[in-house]
Every structure is written in C-alpha cells, then in structure tokens.
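What follows is each chain in one-letter form.
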Amino acid sequence: GRIDFVGPPLCAACGLPFEYDSGPGTLCGACARRSPPFQRARAVMIYNSDSRRLILDFKHGDRTDAAPAYGRWLLRAGGELIDDADLVAPVPLHWTRLFARRYNQAALLGHAVGRAGGVEVIPDLLIRRRRTPPQGRLSPSARRRNLRGAFQVRPLSGPALNGRRVLLIDDVYTTGATVSACAKVLLGAGAGAVDVLTLARVVRTGR
C-alpha cells in the first residue's frame, strides 16, 4: 500500500510523471532539449525508500519468486508498449556479475513480460562487453561516458532485428544512460524502434 505507482500524466518520451496534465504528447524539459534514442519509456513505480526494499530483495536477495507478480505489474504499466513490441530483450549483466549473482534480474522480468504479454523473448540479444564501474554516484554525463562501448548485439543475432520493434527491460531507470546506450546499439544493428519498460524509476525533485 505504500508503493507509489506511476501513472498519467507523463512525459510522452521518458515517462517522467508530471504534477499537472498539459495534454497528450507533452515532453519533459530534458526530452525537449535532447530526444532520447528510445521512443517511449514507462515504469511501474517510483524508486523511493518504500520500493527500494522490493528492488534490492529481488536484485540481490534471491527473491526471484516475485518475478511473475512483477511481470503482471509491468503488463499493467506498459501494456501499450508490450502490445506494440515484436520482441523483448533484457539489459544484460557482465558475465562476471552474472556468475556472482547467478541470475540477471532484468532477464527474469523480461521472461515474465514475455509470458504475460505473449511476446518473443531473446534473453541474450545484447551482451555486456566489459564490466563497468558502479554508476550509483556518477553524474548523468559520467554515466554516459562509463557506458560508452559497453554493449553490443550478440554476433549473428542481427538478423533477428531486421526493422523490428524491441522492448528493452530493466529493473530501475535512473538517468536513462544504460537504456539509452542499449537502444543506440540495437538501432545501429537494425532495430526499427526501441521502447523501454522498467520496474521502477528515479524521480528527482526540483527537475
């Protein structure tokens, strides 16, 4: 009951919630200044002190049993994106982090979305070429530099794109640097469009 779910009105591009409804197609200041490489991003809930525990338990606490419920939440928050998607792809972990954690939380969410929405899931469409330092304390520009060249489409997977619309799945949207880097790689490899769906998103006050 304490979860702050995201709902309209929203930025038409990045999904940032607005206090007031300014009509359809309204963009936030950041997206008006610089269009993101993805077309639409949506999230289930605001990342705050109440949702943080859910996310961390799922991400680091082996609460993988929550994935089906989160899949239904994602279906409700991003139904339009799921209906439009040709395929679902998760943001990848570097193999060393995957080995240590034993699962990729974004891939679990991706499979849950695929089952709930009846969309093809390609869990290894993207690979993380190098292990990047944690992004938690980095500025938005430093995050972008940190992720430069970090992702690529898995070799021989390019034909799976061929102008198709990809729904990119991750757990948390913070500044958009990670999903933007992935979207650029997917578009460069032949995807027709990229949308983004996350379990939570950070909303900074005073933006």
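As shown above, the structure is provided for reference.
**As for the pattern of salt bridges**
- Enumeration over the complete set of coordinates arrives at nine salt bridges.
- A salt bridge links Glu80 to Arg40; its shortest N-O distance comes to 3.4 Å. A residue pair is termed long-range when its members are at least 10 positions apart, and Glu80 in helix H4 (residues 79-84) and Arg40 in strand E1 (residues 40-46) qualify at 40 residues.
- Take Glu80: its relative accessible area is 55%, and that puts it in the exposed class.
- Residue Arg40 pairs with Asp84 through a salt bridge whose shortest N-O separation is 3.1 Å. Of the two residues, Arg40 sits in strand E1 while Asp84 sits in helix H4, which places them 44 residues apart along the sequence.
- For Arg40, a relative accessible area of 14% puts it in the buried group.
- Each of Arg40, Glu80, Asp84, Arg165 and Asp195 takes part in a single network of salt bridges with overlapping partners.

**Examining the packing of aromatic side chains**
- By the definition in use, this model includes four aromatic pairs.
- With 5.4 Å between their ring centres and 85° between their planes, Phe5 and Trp73 make a pair best called edge-to-face. Placement of the pair is Phe5 in the segment before helix H1 (29-33) and Trp73 in helix H3 (residues 67-77), with a sequence separation of 68 residues.
- Looking at Trp73, the relative accessible area reads 24%, which means it is partly exposed.
- When the ring of Phe58 is compared with that of Tyr70, the centres are 5.3 Å apart and the planes differ by 85°; the resulting orientation is edge-to-face.

**Some words on helix H8 (residues 177-188)**
- With twelve residues, H8 extends 17 Å from end C-alpha to end C-alpha; this agrees with the ideal 16 Å at 1.5 Å per step.
- Regarding H8, the residues found buried are Ala177, Thr178, Val179, Ser180, Ala181, Cys182, Ala183 and Leu186.
- Within two residues after H8, Gly190 carries a phi angle of roughly 120°, on the positive side.

**Section: the sheet that holds strand E7 (residues 193-201)**
- Read across the sheet, five strands follow the order E1-E7-E6-E2-E3 without closing on themselves; strand pairing throughout is parallel. Every interior strand has two partners, whereas the edge strands, E1 and strand E3 (120-121), have only one.
- Alignment of E1 against E7, held across six bridges, turns out to be parallel. Counterpart to Arg40 in the pairing with E7 is Asp195.
- Relative to the sheet, H3 contacts E1 and E7, its axis offset from that of E1 by approximately 130°.
- Against the sheet, H8 touches strand E6 (165-173) and E7, its axis set at about 165° to E6.

**A closer look at H3**
- Within H3, burial applies to Ala67, Tyr70, Gly71 and Leu74. Along the axis of H3, the buried residues cluster in a sector spanning 105°; they form a single face. Set apart from the buried face of H3 by more than 90 degrees, the exposed residues are Arg72 and Arg76.
- Lining the buried residues of H3 we find E1, helix H2 (49-60), H4, helix H6 (105-117) and E7.

What counts, and at which threshold
Residues numbered from 1 in each chain as written. Predicted model: local features only at pLDDT ≥ 70, side-chain atom pairs only at ≥ 80, totals over all residues. Heavy atoms only, no water. Salt bridge = Lys/Arg side-chain N within 4 Å of Asp/Glu carboxyl O. Helix = DSSP H or I, 4+ residues; strand = E, 2+ residues; numbered from the N terminus. Buried < 20%, exposed > 50% of the residue type's maximum accessible area, 1.4 Å probe, protein only. Phe/Tyr/Trp six-rings, centres within 6.5 Å; stacked < 30°, edge-to-face > 60°. Expected span 1.5 Å × (residues − 1). Pairing = 2+ DSSP bridges. Contact = heavy atoms within 4.5 Å. Axes fitted to C-alpha atoms, helices over the stretch in contact; angles between N-to-C directions. Arc of directions from axis to C-beta.

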